[in-house]
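# Examining the three-dimensional arrangement
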Amino acid sequence: MFSKRIWTLVSLLVVMALVLAACATPTAAPAPVETEAPVAATEAPVVATEAPAEPFVIGILTVGPITDNGWSTANYLGAVYAQSKIEGAELIYAENVNSAANPNTTAAQFAEQLLDKGANVIIFNSDDMKDGVTEFTSLHPDVPVIWLTGDFAWEDGKRYQPDMKSQSDVFSKMEYGKMMAGCAAALTTKTGKIGFLGALINDETRRHAAAAYLGADYCWKSIRSETTPIDFKVTWIGMWFNIPGVTLDPTQVADTFFTDGYDIVISGIDSTEAVTVAKKFRDQGEDVYAVQYDYEKACDVAPDACLGVPYYNWGVDLLPIIQSIKDGTYTRQFVWSDPDWSDINNPDTSSIGFKKSDGLSAENSALLDQFIGELAGGLNLWTGPLNFQDGTEFLADGVEATDQQIWYLPQLLEGMTGDSVTK
Amino acid sequence: MEKEKTKNPNQNSFLFNLLTNRASSMTLAVVFALVFTSLLVWMMKANPISVFQTIITGAFGSTNNFTQVIQAWVPLVLASLGLMFTFTAGLWNIGMEGQIVMGAIFSYGIIRIFDGSDASSALVIILCILAGILGGTLWAFLVGLLKNFGGVNEIFGGLGFNFIADAVMLFLVFGPWKPEGVANGSTKMLDTRFWLPQIEGTYLSLWALGIAIVCVILVTVILQGTYFGLKLKAVGKNNKSSFLLGIHTNRYMLLAFVLCGVLAGLTGALQVLGFNHVLRNNISGGYGYIGLMVGMLANIQPLITAPIAFIFIALSKGAAGLGIDLKLDSNLAGVIQGALVIFVLIMDGVRKVLIKKFKGVQSG
Amino acid sequence: MDVEVRNIHKTFGKVHANNDISLVVKSGEVQGILGENGAGKSTLMKILSGFISLDAGSILLDGKEVTIGSPADSVKFGIGMLHQDPLDFPPLNVLDNLILGSRERMIPNRKKVRQEFVELQKQFDFSISPDAFIDSLSVGERQQLEIIRLLWLGAEVLILDEPTTGISAAQKIQLFAMVRKLSEQGKAILFVSHKLEEVEALCTQVAVFRQGMNVGQMLPPFDNDKLVEMMFGKILTRSDRKCCTQEKVNIEVSDLKIDDPRLPIKNVNFCIQKGEVIGLAGMEGSGQGLLLRALAGIIRPSGGHIWLCEENSSKKDFVGKHYFDFKDSGISFLPADRLDEGLIAGLDLREHFILAEKQKGFFVDAKAAMQLTEKRIKDFNIKGTAENMVESLSGGNQQRAELALLRQPLRLLLLDHPTRGLDIESTLYIWSKLKQRCSEGASIFFVSSDLDEILQYSDRILVFFGGKVSKPLDAGDVSVDQLGQLIGGRGWE
Ligand SMILES: Nc1ncnc2c1ncn2[C@@H]1O[C@H](COP(=O)(O)OP(=O)(O)OP(=O)(O)O)[C@@H](O)[C@H]1O
Ligand SMILES: [Mg+2]
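### Points about the overall build of chain C
Secondary structure summary: chain C contains 17 helices and 21 strands in total. Its C-alpha atoms give chain C a radius of gyration of 24 Å, within 12% of the compact-globule value 23 Å for 493 residues. With 493 residues in all, chain C has 54% of them scored as buried. Considering only contacts in chain C between residues 6 or more positions apart, those separated by 24 or more positions represent 67%. As presented, chain C carries roughly 21,700 Å² of accessible surface, and 51% of it is formed by carbon and sulfur atoms. For chain C, the separation between the mean place of its 59 positive charges and that of its 67 negative charges on side chains is 3 Å.

In structure tokens:
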């Protein structure tokens, strides 16, 4: 009996010791700072009173891993850019903020962790995090929050949230990038059939797909002077990336496109399946290409199989907002920025760009530049007459679409095949 | 008198006592698990000390972190408690996941009915919880029926129903229940009126916590103080003898599933009302599977599930910070949990073998 | 090989299971070991074969002291043990089982093993096919296989712990012949039993254990009364045959038919009177077990009637009813395999008594349950406490516990080998308890492979042979010989 109790006691002590050891170490952590302090004190006691400026911390949540070479990488690099330009700024991030990888921690809770670690601004990088933005801002109405791709701060938008005083939205007009992608595809296709590998269906993806179609249609008709209408087909996989068993398999979808004679696939998803499948077909002697998305270097996996990539340059728009937060001049804003038409690939000024890849022939490259020039010159493809996919009128002849009409595009356009809404 | 001839002095040796005392052998298991993960971390070229530090501050470092841990403890402990019933009856309810999912779906269904109405939030919340319980119970009941009358092993049945529940969920959130114009695998967020009230400035709902604590007590009393609990245990230990002793074994196995389903459904409802505030893919949070691990360690003692679930959840919540601070994969928590389970089971096995050999069957 | 144990001690908690036991068995001897249930016989045997470790004392083989740390050690030293509990074999065929147990080579030489197996079998006139699957073997055949396996592994010392409890008379004869042959070959044999006549027939010396101690040795000729006194510390007298049969019909069985694929049973007709004891004789697996289970409601007869007769001479047919209906009308079944079908390993005695009682309310009244348990433990003289897990009780005490679980009042008690493995005193005790039930009006229906027991306690006897059931015979009118003939299939018209 007695010995039994002793043993229980001993183990209890061991457990306590373990816990204490583990708990004690964090408090011991600042030790190095203390060892430095006396040195400083002996040299110049005055310095001690001069409290070091509190660091300015940028926090970002990314839906995927920051190494995804797609969406999350682009966002993360944007934040890195802002940090590098702001003196004394630090950057912390939490990646894989999605319910599949972290089912038990919501985006809001991740944001909370960044806040605990001293973040002065928190960037939510995905449309997916809408609920996280809502929840977090309701608990912390004064913490600056930037929602990439969002529209809560848009006074003229449908989802304007007047109560979120410190929340801003940032997006760039990727519609132009998608038009360039569509144009490059239309210039290159031999079969006149272009596939669009879509993610899930929402306002953003609908208008991006439509923009790609508009670019393709324009270059097909006006630059190549073709008379037959171009075949433009959209297949949505159901998510931004492949989830086995849940989404359609993008590899399979791309494969089907190429097999069915669609010789160019424009990617609208965040991963690189389109170009890898194109490379596979090219290796078998087929003349097919892909157009990538999101990240400047997304074509690097197979440059020959890629025409180019419309990419984001988030830093350009993030920097001024974050700077204003640091300076204390921050006000809530909705940013939907145009590219710098003088040089869309200028990393310091243009929020989107188009990086050509080896698959694009010199001739088509020149034609694409011509198209970009036209856009810069004020060409607006969102001009009537345009009909919706179901035949109803979108824009009457000569009418230009408003920002709201573009942002909240309810359907795909006439001339495109594929679903407008999820069935 | 003959003691000098003693040939097996090890009964009193340090090592023997260390390995046969329950508490010390469990402590040893924990130490082994920690050493094991440290080695792993070290091989990943990270510093084990800072890993554990991060986990502990991640779990307890701030009020916010701590309340998050408590918040996540609720569903895990509920799931583990549910599994106490099936474990006691000698059943492996792998179908827990699907039952949680069904609970969530049913309870969100009620939300849809009352969305936009001015019904009292308390009423709607209670209805949601009841519907969730119904959903989980139904799903568990089906597994039980298949086992009893179809002769389908509950593991396969459970897996099958997990798949179906996931399929139903995907159909709903990508189909009829998707928010207008969007389909991203989750529904519209609940009107805040229908959230379980949370403590100001945190994600923790005292209501959820209260429900969990009541359930811990209730399940403990049911399993350890009632005829029902004893009969369930008898069925789990020896089905044939129990039947001959006059216990309706089939009925009891079915009841074990049903009660497990009740708690699964409750878990699902709370995941919707108290945590996610939407219905979405992965709503179960994997608690059905983690619950199985907790259940194995708890060794059919419901009271023990509370601290074990707490350790598990503190580990995984704390580990979320690994990605932020150390750029390590937060799945390391899963590895530590797994290592804990394995080492505890090993040490328990060693302890039992030693006791059987040297001390005989334990009484009591 | 000579075996010697010196001053062996072993305690299980408070139980001193082996208390300073010393024993010498020389090569060629057959050492009988007698003792009441729980005397510590199996404990010593398990120590010798490495299944449990000793607390103190020493073991000498051929005069050399050895340490046996594990069953593998004991095999290495040439000790082989046949266990008392039914043997668990993996579901493989005979040959694979042999090979599994050997630790010699990584890649077995099946041809050689087969040959060795066949040769060993021939020595003892066994006829087990090396390709037979274990499930198809009877208890006796499994036992033969196990002994062969031990010999094949090189056993020089053979421990047989109650080897005769589950086997047929013919197999018992084979077993005894084998033991004699082995002792002639110079093997040392330890033979544990509760049957004095077996010990008398086989052993060259006998030791008696009591409460963990070796209380005495005896050489032939053995004085049975003296042995019994050594075992129990008192002289036991068999109670006289007492008939409690009443003139009231309790149960009437007519044209009962059981469709068992292996052993169909037809045309069973008899009446059971109140207070009557009916013994079922026959070789294991001749249909007794089936009839017992049919009467208990566990298997469903395919035809005929089981009438339960009431005082007012109304009667109800129970064929087709559920087991629980049988149970509720006072029919209780006690299976032979206690830990498999009767008791629940992992639950303690108290929990068993709670389960067996009628449920009162929703919550268990722990205090009342404790009192009840203590009362039953006292009433039935169970050696153990309320918190003892049933599996830690010795065989005899498990049987007492099973009896103590029976409900009151009872109409019919169906017993499968009620005293298998019990010592003489326990057997007497249990039968006295059973007879008490008879005097209260219950009838008893029991299966036993011990003819003496059947003749001693039954009022009437049913003999089974290959699914055929004899007319009830009056126990007073038949002799052991006649019974033996019938059981062997002779004398049936
Ligand atoms: N593993 C065990 N744990 C606890 N007690 C045990 C254990 N094994 C045996 N005992 C106890 O030790 C004593 C001796 O048991 P043992 O099995 O040696 O008796 P036995 O002489 O073989 O009896 P039986 O004739 O019933 O087989 C009994 O009181 C029994 O309850
Ligand atoms: Mg024994």
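### Digging into the state of the cysteines
Scanning the model with the defined rule gives 2 disulfides over all chains in all. Here Cys183 of chain A connects covalently by a disulfide to Cys219 of chain A, the sulfurs 2.0 Å from one another. Taking the torsion about the sulfur-sulfur bond, which here is approximately -100 degrees, the covalent link between Cys183 of chain A and Cys219 of chain A counts as left-handed. Here Cys183 of chain A is found in helix H7 (residues 174-188), whereas its partner Cys219 of chain A is found in helix H8 (residues 203-223), with 36 residues between them in sequence. Judged by relative accessible area, Cys183 of chain A falls into the buried class, the value being 0%. Here Cys299 of chain A is linked by a disulfide to Cys306 of chain A, with a sulfur-sulfur distance of 2.0 Å. Each of the two residues, Cys299 of chain A as well as Cys306 of chain A, counts as buried. Lacking any disulfide linkage, Cys260 of chain B is separated from the closest cysteine sulfur, that of Cys215 of chain B, by 12 Å. With no disulfide partner, Cys309 of chain C has as its closest neighbouring cysteine sulfur the one in Cys271 of chain C, 6.9 Å distant. Residue Cys309 of chain C is classed as buried on the basis of its relative accessible area of 11%.

### Observations regarding the interface of chain B and chain C
Taken together, the contacts link 35 residues of chain B with 54 residues of chain C. Across the chain B to chain C interface the summed buried area is about 3,700 Å²; carbon plus sulfur atoms make up 61%. Seen at the junction of chain B and chain C, the total is 2 salt bridges. In terms of residues, the side of chain B that touches chain C owes the most to one element, helix H9 (residues 227-237) of chain B, which gives 7 residues.

### Description of helix H6 (residues 169-184) of chain C
One turn of the α-helix equals 3.6 residues, which is why residues spaced by three or four share an orientation. Residues and elements named next belong to chain C. The terminal C-alpha atoms of H6 lie 23 Å apart, and with 16 residues this matches the ideal 22 Å at 1.5 Å per residue to within 8%. Within H6, burial applies to Gln171, Leu175, Phe176, Met178, Val179, Leu182 and Ser183. End-on, the buried residues of H6 take up no more than an arc of 160 degrees, which puts them together on one face. Exposed side chains of H6 directed beyond 90 degrees from the buried face belong to Ala169, Ile173 and Glu184. Contact partners of the buried residues in H6: strand S3 (30-35), helix H5 (139-152), strand S7 (157-161), strand S8 (188-192) and helix H7 (196-202).

### Looking at the pattern of salt bridges
A side chain of one charge can pair with a side chain of the opposite charge when the charged atoms of the two come close. Tallied over the full model, the rule gives 33 salt bridges over all chains. Linking Asp217 of chain A and Lys221 of chain A is a salt bridge whose minimum nitrogen-to-oxygen distance equals 3.1 Å. Taken together, the positions of Asp217 of chain A and Lys221 of chain A, both in helix H8 and 4 residues apart, correspond to about one turn of that helix. With a closest N to O distance of 3.2 Å, Lys352 of chain B and Asp348 of chain B form a salt bridge. On the criterion of helical spacing, the pair formed by Lys352 of chain B and Asp348 of chain B is a turn pair, its members being 4 residues apart in helix H14 (residues 332-358). The network of salt bridges with common partners includes Lys190, Arg282 and Asp287 of chain A.

### With respect to the nonpolar core
Membership of the largest hydrophobic core comes to 169 residues, with the highest contact counts inside it found for Trp73, Phe85, Leu279 and Phe312 of chain B together with Ile461 of chain C. With 14 residues, the top contributor of residues to this core is helix H4 (residues 63-88) of chain B. Here Leu279 of chain B is in contact with Ala104, Ile105, Tyr108, Met169, Val173, Trp177, Gly185, Ser186, Thr187 and Val272 of chain B, once residues within four sequence places are set aside.

### Some words on the domain arrangement of chain C
All names here are of chain C. Taken domain by domain, chain C consists of domain 1 (3-232) and domain 2 (249-487). Inter-centroid distance (C-alpha atoms) of domain 1 to domain 2 is 31 Å. Each side of the interface is counted separately: domain 1 has 14 residues, and domain 2 has 14 residues. Note on domain 1 versus domain 2: buried area summed over both sides is about 1,100 Å², and carbon and sulfur give 52% of it. It is Asn37, Thr165 and Phe232 that lose the most area in domain 1 upon contact with domain 2, and together they represent 44% of the buried surface on that side. In this structure, the salt-bridge partner of Glu36 is Lys383, at a minimum N-O distance of 3.6 Å. The set of elements that each furnish at least two residues to the side of domain 1 that touches domain 2 consists of H7 and helix H8 (224-232). Among the elements that take part in the side of domain 1 that touches domain 2, H8 stands out by supplying 3 residues, more than any other. Looking at the side of domain 1 that touches domain 2 residue by residue, the classes come out as 4 nonpolar, 6 polar and 4 charged.

### Section: empty space enclosed by the protein
For the coordinates displayed, the defined rule picks out 7 cavities of 30 Å³ or more. Quantified by volume, the largest cavity comes out at close to 170 Å³. Taken together, 15 residues form the lining of the largest cavity, with Leu244 and Leu245 of chain B together with Lys327, Phe333 and Leu405 of chain C sitting closest to its centre. Taken together, the elements giving at least two residues each to the lining of the largest cavity come down to helix H10 (239-244) of chain B together with strand S16 (331-334) and helix H11 (338-342) of chain C. Of the residues forming the lining of the largest cavity, the biggest block, 3 residues, is contributed by S16 of chain C. By residue class, the composition of the lining of the largest cavity is 8 nonpolar, 3 polar and 4 charged. What the second largest cavity holds in volume is close to 90 Å³. Lining of the second largest cavity is provided by Gln71, Val74, Pro75, Leu204, Ser205, Ala208, Leu270, Gln271, Gly274 and Phe275 of chain B.

### Quick look at the sheet that holds strand S8 (residues 264-267) of chain A
Residue and element names in this part refer to chain A. The sheet built from 7 strands is open, its strands ordered S12-S10-S9-S8-S6-S7-S15 with mixed pairing. Each edge of the open sheet is held by one strand with a lone partner, namely strand S12 (352-356) and strand S15 (416-417). Both strand S10 (residues 306-312) and S12 contribute to a ladder of 5 bridges, which runs antiparallel. When the bridges of S12 are listed, Tyr312 appears paired with Ile352. Sitting on the sheet, H7 is in contact with strand S6 (193-198), S8, strand S9 (289-291), S10 and S12, with an inclination near 175 degrees to S10.

### Points about the side chain of Arg411 of chain C
Structurally, Arg411 of chain C is set in the loop between helix H14 (395-404) and strand S17 (412-416). Those residues within four positions of Arg411 of chain C in sequence are excluded, and the remaining contacts are Asn250, Ile251, Leu308, Cys309, Glu310, Ser329, Gly330, Ile331, Gly441, Ala442 and Ser443 of chain C.

Reading the values: the criteria
Residues numbered from 1 in each chain as written. Chains lettered and ligands numbered in written order. Predicted model: local features only at pLDDT ≥ 70, side-chain atom pairs only at ≥ 80, totals over all residues. Heavy atoms only, no water. Helix = DSSP H or I, 4+ residues; strand = E, 2+ residues; numbered from the N terminus. Rg over C-alpha atoms; globule rule 2.2 N^0.38 Å. Buried < 20%, exposed > 50% of the residue type's maximum accessible area, 1.4 Å probe, protein only. Contact = heavy atoms within 4.5 Å. Areas by Shrake-Rupley, 256 points an atom, 1.4 Å probe, with all protein chains shown as cover. Lys, Arg positive; Asp, Glu negative; His and termini not counted. Charge placed at Lys NZ, Arg CZ, Asp CG, Glu CD. Disulfide = S-S within 2.5 Å. Buried area = accessible area lost by both parts, 1.4 Å probe. Salt bridge = Lys/Arg side-chain N within 4 Å of Asp/Glu carboxyl O. Expected span 1.5 Å × (residues − 1). Arc of directions from axis to C-beta. Core = buried A, V, L, I, M, F, W, Y, C linked by side-chain atoms within 4.5 Å. Domains from an automatic or database assignment. Nonpolar A, V, L, I, M, F, W, Y, C, P; charged D, E, K, R; others polar. 1 Å grid on protein atoms, 1.4 Å probe; cavity = no way out; pocket = protein on both sides within 12 Å on 5 of 7 lines; lining within 4 Å. Points joined across faces, edges and corners; volume = space filled by probe spheres on them. Pairing = 2+ DSSP bridges. Axes fitted to C-alpha atoms, helices over the stretch in contact; angles between N-to-C directions.

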